[in-house]
Amino acid sequence: KKYVYLFREGKASMRDLLGGKGANLAEMTNIGLPVPSGFTITTEACNEYYTTGGQFPEGLWDQIKPALGNVEESTGKTFGNPEDPLLVSVRSGAKFSMPGMMDTILNLGLNDQTVRGLAHSTQNDRFAYDSYRRFIQMFGNVVLEIEHHFFEAILDEAKSKQAVTYDSELSTDSLKWVVEEYKKLIQKETGKPFPQEPIQQLEQAVLAVFRSWNNDRAIVYRKINAIPDDIGTAVNVQSMVFGNMGNDSGTGVAFTRSPSTGEKALFGEYLMNAQGEDVVAGIRTPQPIKSLEQENKAIYDQFVDIASRLENHYRDMQDIEFTIEKGRLFFLQTRNGKRTAPAAIRVAVELCHEGLITKEEAITRIEPGQLDQLLHRRMDANAKLEVLAKGLPASPGAASGKIVFDADDAERLGHNGEKVILLRTETTPDDIHGILAAQGILTSRGGMTSHAAVVARHMGKPAVCGCEALKIDYTEHNVSINGVVYPEGTELSIDGATGRVIKGAVPMIDPELSEEFKELLTWADEIRKLRVLANADNPKDAQKARDFGAQGIGLCRTEHMFMDPARIPIVQEMILSQTLEERELALSKLLPMQEDDFYGILKAMTGLPVIIRLLDPPLHEFLPNVEDLVVEITKMKVTGANPEELKEKEALLRKVRALAELNPMLGHRGCRLGVTFPEIYAMQARAIFQASARLVKEGFEIHPEVMIPLVIHVKELEMLRKLTEDTAQAVMKEQGVSFKYKVGTMIEVPRAALTADEIGKVADFFSFGTNDLTQTTLGFSRDDAEGKFLPAYLDKKVLAQNPFAVLDRDGVGKLMKMGVKLGREVNPELEVGICGEHGGEPSSIEFCHLLGLNYVSCSPFRVPLARLAAAQAKV
Ligand code: ADP
Ligand code: MG
Ligand code: MG
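Since the structure is predicted, the reported quantities are computational estimates derived from the model, not experimental observations.

Caption draft 1: Inspection of the overall build of the chain at higher detail. Tallying secondary structure elements over the chain gives 34 helices and 33 strands in all. On the principal axes, the C-alpha backbone points of the chain span a range of 105 × 65 × 50 Å. Counting every position in the chain, which comprises 875 residues, the buried fraction comes to 51%. Counted over contacts in the chain with a minimum sequence separation of 6, partners at least 24 positions apart contribute 68%.

Caption draft 2: Highlighting the site of ligand 1. Lining the immediate environment of ligand 1, one finds 16 residues, of which Ser89, Arg91, Thr104, Gly276 and Glu321 sit closest. Per-class residue counts for the shell around ligand 1 are six nonpolar, seven polar and three charged. Shared between two domains, the shell around ligand 1 holds at least three residues of each, these being domain 1 (4–239) and domain 2 (250–336).

Caption draft 3: Main features of the pairing of strand β31 (residues 765–768). The alternating pattern of β31 places Phe765 and Ser767 and Phe766 and Phe768 on opposite faces, both of which are buried. In terms of strand pairing, strand β30 (residues 742–747) meets β31 through three bridges, oriented parallel. Looking at β31, one finds that threonine 745 is bridged to phenylalanine 766. Sheet topology note: the β31/strand β32 (residues 831–834) ladder contains four bridges and is parallel. Following the sheet pairing, serine 767 is matched in β32 by glycine 833.

Caption draft 4: Representation of helix α1 (residues 15–30) in the model. If you check α1, its first and last C-alpha atoms are just 15 Å apart, much less than what 16 residues at 1.5 Å a residue would give, namely 22 Å. Roughly 80° is the biggest bend found in α1, and it falls at lysine 21. The element α1 is extensively covered by neighbouring structure, given that 13 of its 16 residues are classed as buried. Once α1 finishes, glycine 32 follows within two positions and takes phi at roughly 85°, a positive value.

Caption draft 5: Summary view of the domain arrangement of the chain. Domain boundaries assigned for the chain yield domain 1 (4–239), domain 2 (250–336), domain 3 (379–506), domain 4 (528–618 + 661–874) and domain 5 (624–660). Inter-centroid distance (C-alpha atoms) of domain 4 to domain 5 is 35 Å.

Caption draft 6: Quick peek at the pairing of strand β27 (residues 553–557). Along β27, four of the five residues are buried, which leaves the element largely enclosed by surrounding structure. Judged from the three bridges that link them, β27 and strand β28 (residues 609–613) form a sheet pairing that is parallel. Pairing of arginine 557 across the sheet is with arginine 613, part of β28.

Caption draft 7: Expanded view of unusual backbone geometry. The phi dihedral of arginine 315 is positive, around 55°, even though this residue is not glycine. Inspection of the secondary structure puts arginine 315 in the loop between α11 (297–314) and β11 (318–325). We classify arginine 315 as partly exposed; it has 14 C-beta atoms within 10 Å. Phi is positive for leucine 710, which is not a glycine, with a value near 60°. Along the polypeptide, leucine 710 turns up in the loop between β29 (703–708) and α26 (714–735). By C-beta crowding, leucine 710 is classed as buried, having 23 other C-beta atoms within 10 Å.

Caption draft 8: Region of the structure containing the sheet that holds strand β7 (residues 233–239). In spatial order, the strands read β1-β2-β7-β5-β6; together these five strands make up an open sheet with antiparallel pairing. Looking along the sheet, the strands with just one partner apiece sit at the ends: β1 (4–6) and β6 (104–108). Each strand of the sheet is rotated relative to its neighbour by a mean of 20°, with strand direction disregarded. Here strand β5 (residues 88–94) runs beside β7; their pairing, made up of seven bridges, is antiparallel. Bridge pairing in β7 links glycine 93 to alanine 234. On the sheet, helix α3 (residues 60–75) packs against β1, β2 (38–41) and β7 and is oriented at approximately 15° with respect to β1.

Caption draft 9: Inspection of helix α12 (residues 341–353) at higher detail. Compared with the 18 Å implied by 1.5 Å per residue over 13 residues, the 18 Å span of α12 between its first and last C-alpha is a close match. Within α12, eleven of the 13 residues are buried, which leaves it mostly tucked inside the rest of the structure. Among the residues of α12, those classed as buried are Ala341, Pro342, Ala343, Ala344, Ile345, Arg346, Val347, Ala348, Val349, Leu351 and Cys352.

Criteria and thresholds
Residues numbered from 1 in each chain as written. Chains lettered and ligands numbered in written order. Predicted model: local features only at pLDDT ≥ 70, side-chain atom pairs only at ≥ 80, totals over all residues. Helix = DSSP H or I, 4+ residues; strand = E, 2+ residues; numbered from the N terminus. Buried ≥ 20, exposed ≤ 12 C-beta atoms within 10 Å, placed from the backbone. Contact = placed C-beta atoms within 7 Å. Near = placed C-beta within 6 Å. Nonpolar A, V, L, I, M, F, W, Y, C, P; charged D, E, K, R; others polar. Domains from an automatic or database assignment. Pairing = 2+ DSSP bridges. Expected span 1.5 Å × (residues − 1). Bend = angle between axes of the 7 residues up to and from the residue. Axes fitted to C-alpha atoms, helices over the stretch in contact; angles between N-to-C directions.

Structure representation (structure tokens):
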């Protein structure tokens, strides 16, 4: 089996095998960019390592040797040569980029001998020992699993001995001392000397990279980002180029456009006389890429030129790692840059305008799940703010919360529902759980491409980085800003769009859709087949939905109108009525109220369909709770209340008890109410049609549709359809107007789907109520499942996803498919849609598209997402 590919043997499309980093190194090599030579060990080798329980894959060495020989040839250096050694980096790189989650080792091949050769051949002692100490540190940490802080302590000691602040200021002698101390540390911690044999170093490093696929933070990262656990990482072995050779050398990271806003302008940073991770790790706050133009115009121009070539080649915004070795530029990595949702939208729209991608491609460039970010609230620009300090605007959005200084604290408080801001000098991949739990991230060091900034942008969390006015005291758990001390738990706010750090919580305002987003959505509208409606119960939500582009209302729940505190007594009066006359009297009081509700909604939706569902929940939901009543009656008895009142209360209790159900979800609800109390549905239908008549008279174009819930049998629908039609006829006659309307049903129990060929004959439309359909198909209630056993089902992978969040295609989906087919066979005009929460979830929307539904209906805030997801389903 071929486990090893030279860079020139690969290409960008081989990500599965070579990982993203390896595939792109190959691609860059083949389009002629300056990439240090090297080779990639495949993800299959990693998987082999895991299936054999941690063995070095058989035959792998025999392939590594000639590949290494090839690198030696192209560099003119030999691995392990004491005079002029070849040094390599050993870099992880999976199919999906997981920045900083796995491990990389630089300067491999150094030992006590080769370090002297390196010093001699480069005429640069300081550089050689700086490289060696970095290598021992990375190797010690990654391969030998010695904790980072042991090394840091030694480095700090060297710095304080020499009385300097930065690593780059350490003298050769200090560095030699550090090397010796590091080696002692390794002997002490592992009981063995630091391995001097380069081949052995390489073997151990490759194994360590394989292992790093399964380190804790990589596992967490995969879980958060839904990356499969079994695809493994590739390993890239690449000859080193050095950014730490002096002040004509350096290293940096740059994006071809802003990953924060999407603006078309080089966005990045670099550090002179530094290596690899220094920029990302926030060791020193780096220089903005623009200053490179002053520092070295030739290199800057070359960089700009190649960066734009890369962007054109990949037709997407690139995130590029580069190193300058003695005035020569090298490219070490390129990938499609991670970005915030606003940036994703702006970049996609502008790339399309620039003619690099089509509208269809632009649509697919947006991850619908990310769009939630756009609906984040923003800081009110008019609010008075007490700005304490300013840092770099690293990730947009605003956040307020109590400050904490540790990822574990952030996680603990976050899980208790507290809002926290994680405040650190810099973050590392080990802080990922704390970042996840925090509202926002604030660091005192590190730039726009530091770990904290990258991760925050990807998660859509606000972040302010490199805010140097903050002096954090980890032992005292406080931060001082311009001389004022703020203890842990102080409430601060950050504005990731401007970099401001603000005292206290700040007022937030609702989001708006950006111009680019609106444009992108109009492209989505041109492409998609599914219509997008919204679930809304009042004129305000209806208007919001319309503003977001909803093409009507797919579910208007009437019970919310019954819950209104002003109406509850009348609703109860209706429920408690002993006779039909009494009930009709109560209903006649509700009628004008319901009529006004429908009037408002139909008016807000002029020209668009409004699907109104008749009463659905069991009646006892509108009555007081049994325990409360018992307590009240007992009190009345004890205090000797008026016997008439007591009697009334007792009657109420009897009624409440009589209505109580063992299993309300499967009880007396939905159209069961319409069958037993037709007068309730008749009142609702009348309210709908009287509102319609009023609007028609006022000149509005309206499209009311009446939806009967929870139907199990065609006879229910026949009966209730007739009642609705009779009511409509009566109202039209009384009012002397005519209007069109439809009558349809929800499909939310298996029997309805199974007999859709019967039900379809009397329905104008079907709407899959997939919340209930999922419950009734799976036979368990959502509330119980999510609290009790569903987590175990997901952990044990019995179910791949929560079926209440992502539509269960194999089970519930099969019923839907049958329902659509049977229904349309008997009624080709039948309109079919979905109104469960799944209607706003991208994968479920795709499934609805595949089933050939006419529409999805979701909450107003998810309408933009649904428009996009519906278009993506089509592309
Ligand atoms: P990550 O996936 O965490 O970014 P990388 O493998 O990209 O890890 O490497 C970490 C850092 O080391 C990057 O800044 C990269 O540019 C640098 N680096 C990797 N290989 C080399 C090399 N051969 N020469 C110089 N720098 C390198
Ligand atoms: Mg990298
Ligand atoms: Mg339902």
